[in-house]
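What follows is the residue order along each chain.
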Amino acid sequence: MPEPSEPAYDPLEPAKGEAIAPTGQGGPMDLALDEAESLEKTLGDSSTGPGEKARSLWSDAWHQLRRNPVFIISSLLILFLVIIAIWPQLIASGDPLQCDLSKSQQGSSPGHPFGYDTQGCDVYTRTVYGARASITVGVCATLGAALLGSVLGGLAGFFGGWGDSLLSRVADIFFGIPVVLGGLVFLSVVTSTTVWPVVGFIVLLGWPQIARIGRGSVITAKQNDYVQAARALGAGNGRMLLRHVAPNAVAPVIVVATIALGTYIALEATLSFLGVGLRPPTVSWGIDISNAAPQIRNAPHMLLWPAGALSLTVLAFIMLGDAVRDALDPKLR
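Residues numbered from 1 in each chain as written. Predicted model: local features only at pLDDT ≥ 70, side-chain atom pairs only at ≥ 80, totals over all residues. Heavy atoms only, no water.

Re unusual backbone geometry
Here's step 1: Along the chain, Pro-280 connects to Pro-281 via a cis peptide bond; the corresponding omega equals 10 degrees.
Here's step 2: Following the sequence through the fold, Pro-281 ends up in the loop between helix 10 (251-273) and helix 11 (285-292).
Here's step 3: Not every positive phi belongs to a glycine, and Gln-105 is a case in point at roughly 65 degrees.
Here's step 4: Tracing the backbone through its elements, the reader meets Gln-105 in the loop between helix 3 (69-86) and helix 4 (123-159).
Here's step 5: Its relative accessible area of 26% is what places Gln-105 among the partly exposed residues. (Helix = DSSP H or I, 4+ residues; strand = E, 2+ residues; numbered from the N terminus. Buried < 20%, exposed > 50% of the residue type's maximum accessible area, 1.4 Å probe, protein only.)

Here it is as structure tokens:
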């Protein structure tokens, strides 16, 4: 009986018992080995093992934020500002409305490191207490604009039709109103000394930006395959919007709202500086900057400290928004 013939020798195939080794000549075998080693290293270095559950968008974003020094610094600074806005007496024992004209425009002294303003009020105490009004206006205006804009924009983007067209045209009208000029007209007829007229005005002019972002995000999310599959399985509009579309469309709204918070604080200070925002006896950085502006040459310390606190607060919220944007946007990783 004839013996089976040996297969033809292939130089690229290893002999029996011979390990695959690179040739060192850059041939096809070396390229295949390099790709295999790269794949093995990638799989071996992956943070998600075979028995681990893949991280979601939010958990992955939090994982990245915890390692971002910009997020840590801005969060600690914002936490400090929120604490002194709620309990200013923790670091300032004086009364911001207690003034002594005999100490008008005096410089720093023991117990009063920032000096005195024109009315003889302690600049340090007023700077600490001024955080309450600015933080309150920024947070309340951001929550109101984000809630109103995301609801209207999300519904318009999900259902479309004449409601979407009407919302777009109304938003265009609000975009055409200059913010400062609108504030001068709207707030000049308001006599209240509380923060709520300023909050209402900022919400009135701030929701169109959030609505436009939310509308575009919902339109993108509702075209995904899982939403179409849920619709094919008979899911109602409410279930699809709340369970599938909204959780995957809210990230851009959070980013824009976080950055806008710092802008709203600066807007409140601008309106207060012009005399139509917050009014005395409310303690505000914008009011103190307005009172100190005419005396900037004689007593620059009156302007330096409230303006520095305002700039630091706005910068902290903008830095926080940038860090959140980088964590929630996969294209920026």
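Here's the deal with the environment of Val-151
Here's step 1: Within the secondary structure layout, Val-151 lies in helix 4.
Here's step 2: Spatially, the C-alpha atoms of Val-151 and Gly-214 are 8.1 Å apart, while their sequence positions differ by 63 residues.

Quick notes on the nonpolar core
Here's step 1: Counting residues in each nonpolar core, the largest one holds 30 residues, and the members touching the most others are Ile-135, Ile-265, Leu-310, Phe-317 and Leu-328.
Here's step 2: Listed by contribution, the elements that provide at least two residues to this core are helix 2 (57-65), helix 3, helix 4, helix 10, helix 11 and helix 12 (301-328).
Here's step 3: For this core, the leading source of residues is helix 12, giving twelve residues.
Here's step 4: With 19 residues, the next largest nonpolar core counts Leu-187, Ile-202, Leu-267 and Leu-271 among its residues. (Core = buried A, V, L, I, M, F, W, Y, C linked by side-chain atoms within 4.5 Å.)

A word on the side chain of Thr-313
Here's step 1: Along the chain, the position of Thr-313 falls in helix 12.
Here's step 2: According to the relative accessible area criterion, Thr-313 is buried, its value standing at 0%.

Points about the pattern of salt bridges
Here's step 1: Scanning the entire structure with this criterion turns up six salt bridges.
Here's step 2: For Arg-215, the salt bridge goes to Asp-164, with nearest N and O atoms at 2.5 Å. With Arg-215 in helix 7 (residues 196-221) and Asp-164 in helix 5 (residues 161-175), this residue pair connects regions lying 51 residues apart in the sequence.
Here's step 3: Residue classification places Asp-164 among the buried positions, given a relative accessible area of 11%.
Here's step 4: Between Arg-325 and Asp-326 there is a salt bridge; the shortest N-O distance is 3.4 Å.
Here's step 5: You can call Asp-326 partly exposed: its relative accessible area is 25%.
Here's step 6: Several salt bridges converge on common partners, so that one network encompasses Arg-169, Asp-172 and Arg-212. (Salt bridge = Lys/Arg side-chain N within 4 Å of Asp/Glu carboxyl O.)

Quick word on helix 3
Here's step 1: An ideal rise of 1.5 Å per residue puts 26 Å on 18 residues; helix 3 measures up with 26 Å between its terminal C-alpha atoms.
Here's step 2: Buried within helix 3 we find Phe-71, Ser-74, Ile-78, Leu-81, Ile-84 and Ala-85.
Here's step 3: For helix 3, the capping residue at the N-terminal end is Asn-68, with a side-chain oxygen 3.1 Å from the backbone nitrogen of Val-70. (Expected span 1.5 Å × (residues − 1). Polar contact = N/O pair within 3.5 Å; in protein donor to acceptor, adjacent residues only side chain to side chain.)

Quick look at the packing of aromatic side chains
Here's step 1: Going through the model one piece at a time under the given rule, you end up with six aromatic pairs.
Here's step 2: Taking the centre distance of 3.9 Å and the plane angle of 5 degrees together, the rings of Phe-114 and Trp-305 count as stacked. Here Phe-114, found in the loop between helix 3 and helix 4, pairs with Trp-305, found in helix 12; they are 191 residues apart in sequence, far enough to count as distant.
Here's step 3: Given a relative accessible area of 16%, Phe-114 falls into the buried group.
Here's step 4: The exposure class assigned to Trp-305 is partly exposed, which follows from its relative accessible area of 33%.
Here's step 5: Residues Phe-158 and Phe-159 carry aromatic rings whose centres are separated by 5.1 Å and whose planes lie at 85 degrees to one another, so their mutual orientation is edge-to-face.
Here's step 6: Residue Phe-158 is classed as buried on the basis of its relative accessible area, which comes to 6%.
Here's step 7: Here a set of aromatic residues connected by ring pairs shows up, and it is made of Phe-114, Tyr-124 and Trp-305. (Phe/Tyr/Trp six-rings, centres within 6.5 Å; stacked < 30°, edge-to-face > 60°.)

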